[in-house]
Amino acid sequence: MSALDRLARLDRRWIFLVTGLLVLIPLLWPLNLPLTPAPPVRAYHDAIASVPPGSHVLVSADFDPAARPELEPMLRTTLRQLLQRRCKVVVVVLYQGGPLLVDQIVRDVAAAQGAVYGRDLVNLGFKAGNEAVMVLMGQSIPNTFPRDQSGADVRTLPVMRDVRNYSSFRLLVSIATGYPGTKEYVQQVQGRFHIPIVAGVTAVTAPTMYPYLQSGQLRGLLGGMAGAAEYERLMNERGAASRGMDAQSLAHVFVALCIVLGNLAQRARARREEG
Amino acid sequence: MKRELPLFVTAVVGLFMILSFFVPHQLVSVPADFLQQSAVIVVAFGIVLGGANLLRVNLEAVVKRQPDWPYRLVLIAGLLATVVIGLIEGRDFQALGTRSTWIYDQIYAPMSSAMFALLAFFIASAAFRAFRVRTVEAGLLALAAFLVMLGRVPIGNAITGWLPSGLRLGAVSEWILRVPQNAANRAILIGAALGVMATGLRVILGIERSYLSGEE
Amino acid sequence: MLSWRAALVLAILAPAAGGAPTAARAQGQAIIVPPPVIQPSRPAAPRPPAPAGAVPSPRPARGLTWKDVPDDAGRAIDLQWVLSPDDTLQRALVQGYDVMRSENPGGPWTLVDSVAAGVDAYRDQSTSLRRNVAYFYRIDAYGPGGVTPQGSVTGPAIAVSQWFNHTRWSALALTMLFFAFVLFFIQSAQGEGRKPFVRRIPGIDAIEEAIGRATEMGRPVLYVPGVQDIDEMQTVQSLIVLESVARTTARYQTPIKVPVTYPIPFTIAQEMVKGGYLQAGRPEQYDPDSVQFVSPEQFAYVAAVTGIMLRDRPAAHIFLGAFFAESLLLAETGFATGAIQVAGTANANQLPFFVVACDYTLIGEELFAASAYLSGEPKLVGSLKGADLMKLVIVALVVAGCLLESFGHHGLTQWLATQ
């Protein structure tokens, strides 16, 4: 039996094993491949960098632990950039699996940046209702989120004093894994309330965001861990996403190799069957 | 009458909600907001129905000792434990250091991440097994997949660093995403949006009524 | 009978989720909207007393005008003024402006908000603003030297409610056109009494074939109606198709399994399967446990469904509805069990996974055509024709828009932009 024949009968668990090793090894011994920020990533960074210090920015963090490896680094770097610019950050969560995770990240970054909760930033927590909540926020954010994640009355928090609805914000940052997420913000909020939006999404949803990027409905886009890593590069950081990129590089090469080997094996089998 | 009234109410409410998109006046916008908020509440109460079914089906299976009953017992225990702990902790169940937070951090988060991570393995095996280049179109598809996969990660730029910047894999993959991918995506999006509207209209006007009322 | 309640909920949610705004969604693709006017504002802190004689107080702002914000329910008033002559970077006598409001030209005045220096416009949409009430406005410039009220007041300004949002004419016209097309073709199909032509959709034909194979093998059929709630039209469509599928499985006397993510689709799915068995004339064979509520939690649902695949070994898997990351997890596991698989979704980013791992895939709108295709009812097929004609209109608009924009005419784009 030739090597290709054996390949055609390969148990898929061997593929799983190689994938696992290729992801694990660079996480332990990084290759430090150089990163080049793509134009949408640069636009994302620049959109935040052009928000005047002191103005409010709305961050909608809509993901759960499943999307954590891709989206947590984006959220962390975004919060850092916003707080370093002395922007007032208001965080909301519309994805049901996310509130606790997002709260930990928000508190973590705030502590590291020396930001004061309630004065420099606030986490309004989770509200069920998807697009309906997005539209309600267009009427009044304090009415939609009367209490923050920890149960405090939002009207007593200094950071919320000037916040009414979308018009109180310079920018909306949507970091989202699925539904409700960036697409819904573009459709329901950008169309009606005309707030500039930048987005960070998982790699698998990134291609569907390109129409919005091209039409200007999204000002910038981070796609998956690659986007997060390039953003970290622009911020001169080396965070979790940059470390993960080596693993992702090797995994992508392996998947490409799988396509080639799969086809070779198939050909060999077809030829033998003909013969 | 039993069938006509619900269909009539559906049609009236549906058309009213469409109207509210065009009419900002408070006589329309206030009731429309109220209806939307009510719908959110109604949907939230639905979880009770689901929970009851989940408990009934799984308890029955445990009582009848179906082959997989130990798993079902784990499910029931997990469901009840989470709900009871949440109820005991009350309003502050999401505060730092509560048992609910512990469940989320130590059980929910790792299990959820693990399931998502399986995707990487399945993509590799699907690529090996099913991505067959049998036609010219499939060949083009494979080529595009290659360029984008390698162009999206640093290694793509690293191996094509000697080319002019516009021909490096990063730039090429960006072009594929921006132009051909975008065009096809838009076409699917527009078609699907029209499908959504047509289905919505059929439901609102009761043309699909034999289906939604469960009777012929 | 629970399903009509669900239909009602759907009717309420749908326009917010995917109903009316979809017109804007389809057209909104290529529209670039101007950046919004956003007023940076600062906290309304009490003004510090001016240090005696050290810095002069700023000269007042001038020329305050008001305008009722159009196309709203009378909830906002736009203000515009000319900056104080002292509001320059060199002089730095102005720190900002206080927006003052009163119901009488003589006061008493209440502070609405404050804006930073250099800002000459403000949209008053505070919750205290009432419609159809006459207000007077004044802008006070403040700085290190103190506060200078404007010499004159502006008013009476009245926020009025409108009956029509004028920026949405285009959406209304296109929605009406679409409805007219659909209704026309439904009507004419009904009049002629014959089914309009619809091309073959192999994926839908394959559903019956898959059920037939499951019957031959004596194994159940697995039907997955997507992972979203009833406010997603794909879920609605999938549940409608479920009835036809259940009718077929009832005829073939093959068990069907339907795991569902959300409670309301769950109750509808029960109705649909029951209805299918009823229509096939086999109500006694309906198993109430065939439809099962699992969890709205995405990966808990995946674990449950892959569990069903591996334990019960269904011979046919039908995935119709909205799918996300679970698409490949389900389809690859399904492939490993050797089942025949049919998938359909309008979530474009999941299509490649289904195409690779399933035997047949319905792409985008094919999913929405499925119920009409399966039933063959002239009315439903007529609605497909209406949607097709609308697509032609959109293609024409896209081409016309590209040409006009290329030659510098922005009329069409502006008409299509909604607010």
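Residues numbered from 1 in each chain as written. Chains lettered and ligands numbered in written order. Predicted model: local features only at pLDDT ≥ 70, side-chain atom pairs only at ≥ 80, totals over all residues.

Caption draft 1: How the structure looks around the overall build of chain C. Per the secondary structure count, chain C includes twelve helices and 15 strands. Going through the 419 residues of chain C one by one, you find that 53% of them count as buried. Counted over contacts in chain C with a minimum sequence separation of 6, partners at least 24 positions apart contribute 72%. (Helix = DSSP H or I, 4+ residues; strand = E, 2+ residues; numbered from the N terminus. Buried ≥ 20, exposed ≤ 12 C-beta atoms within 10 Å, placed from the backbone. Contact = placed C-beta atoms within 7 Å.)

Caption draft 2: Structural detail: the overall build of chain B. Tallying secondary structure elements over chain B gives eight helices and zero strands in all. Tracing chain B from N to C terminus, the helices and strands come up as α-α-α-α-α-α-α-α. Its C-alpha atoms give chain B a radius of gyration of 26 Å, clearly above 17 Å, the size a compact globule of 216 residues would have. Its C-alpha atoms put chain B at 70 × 50 × 40 Å along the principal axes. Evaluated residue by residue, chain B yields a buried proportion of 37% over its 216 residues. Counting contacts in chain B only where the partners sit at least 6 residues apart, residues at least 24 apart contribute 26% of the total. (Rg over C-alpha atoms; globule rule 2.2 N^0.38 Å.)

Caption draft 3: How the structure looks around the interface of chain B and chain C. Contact with chain B, which involves 65 residues of that partner, is made by 79 residues of chain C. Of all the secondary structure elements, the ones that give two or more residues to the side of chain B that touches chain C are α1 (4-22), α2 (26-63), α4 (99-130), α7 (169-204) and α8 (209-212) of chain B. Counting residues per element, the side of chain B that touches chain C draws most heavily on α7 of chain B, which supplies 19 residues. Grouping the constituent residues of the side of chain B that touches chain C by class yields 41 nonpolar, 18 polar and six charged. (Nonpolar A, V, L, I, M, F, W, Y, C, P; charged D, E, K, R; others polar.)

Caption draft 4: Here's a closer look at the nonpolar core. Judged by nonpolar contacts, the single largest core of 217 residues is most densely connected at Val57, Val90 and Val91 of chain A together with Leu242, Ala269, Ala316 and Ile318 of chain C. With twelve residues, α7 of chain B is the single largest residue contributor to this core. Not counting the four nearest positions on each side in its chain, Ile318 of chain C is found in contact with Ile207, Ala210, Val221, Leu222, Tyr223, Val224, Val245 and Val342 of chain C. Core analysis: the next-biggest nonpolar cluster, separate from the first, contains 23 residues, Ala61, Tyr137, Ala141 and Ala159 of chain C among them. (Core = buried A, V, L, I, M, F, W, Y, C linked by C-beta atoms within 7 Å.)

Caption draft 5: Highlighting the sheet that holds strand β14 (residues 340-345) of chain C. All names here are of chain C. Reading across the sheet, the six strands line up as β12-β11-β10-β13-β14-β15 and stay open at both edges, with parallel pairing between neighbours. A single partner strand is all that each edge strand has here, and the edge strands are β12 (291-293) and β15 (360-363). Here the average twist between neighbouring strands, direction ignored, is 15 degrees. (Pairing = 2+ DSSP bridges. Axes fitted to C-alpha atoms, helices over the stretch in contact; angles between N-to-C directions.)

Caption draft 6: Quick peek at the pairing of strand β6 (residues 220-223) of chain A. All names here are of chain A. The alternating pattern of β6 places Gly220 and Leu222 on one face and Leu221 and Gly223 on the opposite face, and all of these are buried. In terms of strand pairing, strand β5 (residues 197-201) meets β6 through four bridges, oriented parallel. Each residue of the ladder has a partner; that of Val201, found in β6, is Gly223.

Caption draft 7: Representation of the environment of Ala206 of chain C in the model. All names here are of chain C. With respect to the helices, strands and loops of the structure, Ala206 is situated in helix α4 (residues 202-217). By the C-beta count within 10 Å, which is 20 here, Ala206 ends up buried. Measuring from C-alpha to C-alpha, the distance between Ala206 and Ile318 comes to 10.0 Å, with 112 residues separating the pair along the chain. Residues in contact with Ala206, not counting those within four places in the same chain, are Val342, Asp359 and Tyr360.

Caption draft 8: Region of interest: the sheet that holds strand β6 (residues 121-124) of chain C. Residue and element names in this part refer to chain C. One open sheet holds the three strands; their spatial order is β2-β3-β6, and the pairing between them is antiparallel. Both edges of this open sheet fall to β2 (62-68) and β6, since each of them pairs with a single strand only. Each strand of the sheet is rotated relative to its neighbour by a mean of 20 degrees, with strand direction disregarded. Pairing analysis gives four bridges linking strand β3 (residues 77-82) to β6, with the strands arranged antiparallel. Bridging from a neighbouring strand, Asp78 pairs with Arg123 of β6.

Caption draft 9: Structural context of the domain arrangement of chain B. Segmenting chain B into domains produces domain 1 (1-66) and domain 2 (131-206). Taking only C-alpha atoms, the centre of domain 1 of chain B and the centre of domain 2 of chain B are 37 Å apart. (Domains from an automatic or database assignment.)

Caption draft 10: Local environment of the pairing of strand β13 (residues 316-320) of chain C. Residue and element names in this part refer to chain C. Burial analysis of β13 places five of its five residues in the buried class, which makes it a mostly covered element. Where burial is concerned, the two faces of β13 agree: the one with Ala316, Ile318 and Leu320 and the one with His317 and Phe319 are both buried. As paired elements, strand β10 (residues 221-224) and β13 share four bridges and run parallel to each other. Looking at β13, one finds that Val224 is bridged to Phe319. Relative to β14, β13 runs parallel, the two being bridged by five bridges. Residue Phe319 lies in a different strand from β14, and its bridge partner there is Ala343. Following the chain from β13 across helix α8 (residues 326-336) to the adjacent parallel β14, one finds a crossover that is right-handed. (Right-handed = clockwise from strand over helix to strand, strands pointing away.)

Caption draft 11: Structural view of helix α5 (residues 136-151) of chain B. In this model α5 of chain B runs 22 Å from its N-terminal to its C-terminal C-alpha over 16 residues, within 8% of the 22 Å that 1.5 Å per residue would give. Looking at α5 of chain B, one finds that the buried residues are Val148, Met149, Leu150 and Gly151 of chain B. (Expected span 1.5 Å × (residues − 1).)

Caption draft 12: Looking closely at the environment of Gln190 of chain C. Residues and elements named next belong to chain C. Structurally, Gln190 is set in helix α3 (residues 169-192). Here the alpha-carbon distance between Gln190 and Leu404, two residues 214 residues apart in the chain, equals 40 Å. Not counting residues up to four positions away in its chain, the partners in contact with Gln190 are Pro378 and Lys379.

Caption draft 13: Spatial organisation of the packing of α7 of chain B against helix α5 (residues 233-252) of chain C. Where α7 of chain B contacts α5 of chain C, the two axes come as close as 10 Å, and the packing angle between them is 60 degrees. The angle between the axes of α7 of chain B and α5 of chain C places the two elements in the oblique class. Between α7 of chain B and α5 of chain C lies a crossing of left-handed hand. In contact with Val196, Thr199, Gly200 and Val203 of chain B of α7 of chain B, α5 of chain C contributes Met233, Val236 and Gln237 of chain C. Looking at the contact of α7 of chain B with α5 of chain C, its residues break down into four nonpolar, three polar and no charged. (Parallel < 35°, antiparallel > 145°, perpendicular 65-115°, else oblique. Left-handed = near helix turned anticlockwise from the far one by under 90°.)

Caption draft 14: Inspection of the environment of Arg9 of chain A at higher detail. With respect to the secondary-structure elements, Arg9 of chain A resides in the loop between α1 (3-8) and α2 (12-28). Separated by 92 residues in the primary sequence, Arg9 of chain A and Leu101 of chain A have C-alpha atoms spaced 43 Å apart.

Caption draft 15: Seen up close, helix α8 (residues 182-193) of chain A. Burial analysis of α8 of chain A places ten of its twelve residues in the buried class, which makes it a mostly covered element. Listed in full, the buried residues belonging to α8 of chain A are Thr182, Lys183, Glu184, Tyr185, Val186, Gln187, Gln188, Val189, Gln190 and Gly191 of chain A.

Caption draft 16: Structural detail: unusual backbone geometry. Residues and elements named next belong to chain A. A cis amide bond links Tyr179 with the next residue in sequence, Pro180, at an omega value of -5 degrees. Along the polypeptide, Pro180 turns up in the loop between β4 (169-176) and α8. Its identity as a non-glycine residue notwithstanding, Arg86 has a phi of 65 degrees, on the positive side. A positive phi angle, close to 50 degrees, is found at Asn130, a residue other than glycine. Tracing the backbone shows Asn130 in the loop between β3 (121-126) and α6 (131-139). For Asn130, a count of 26 C-beta atoms within 10 Å puts it in the buried group.

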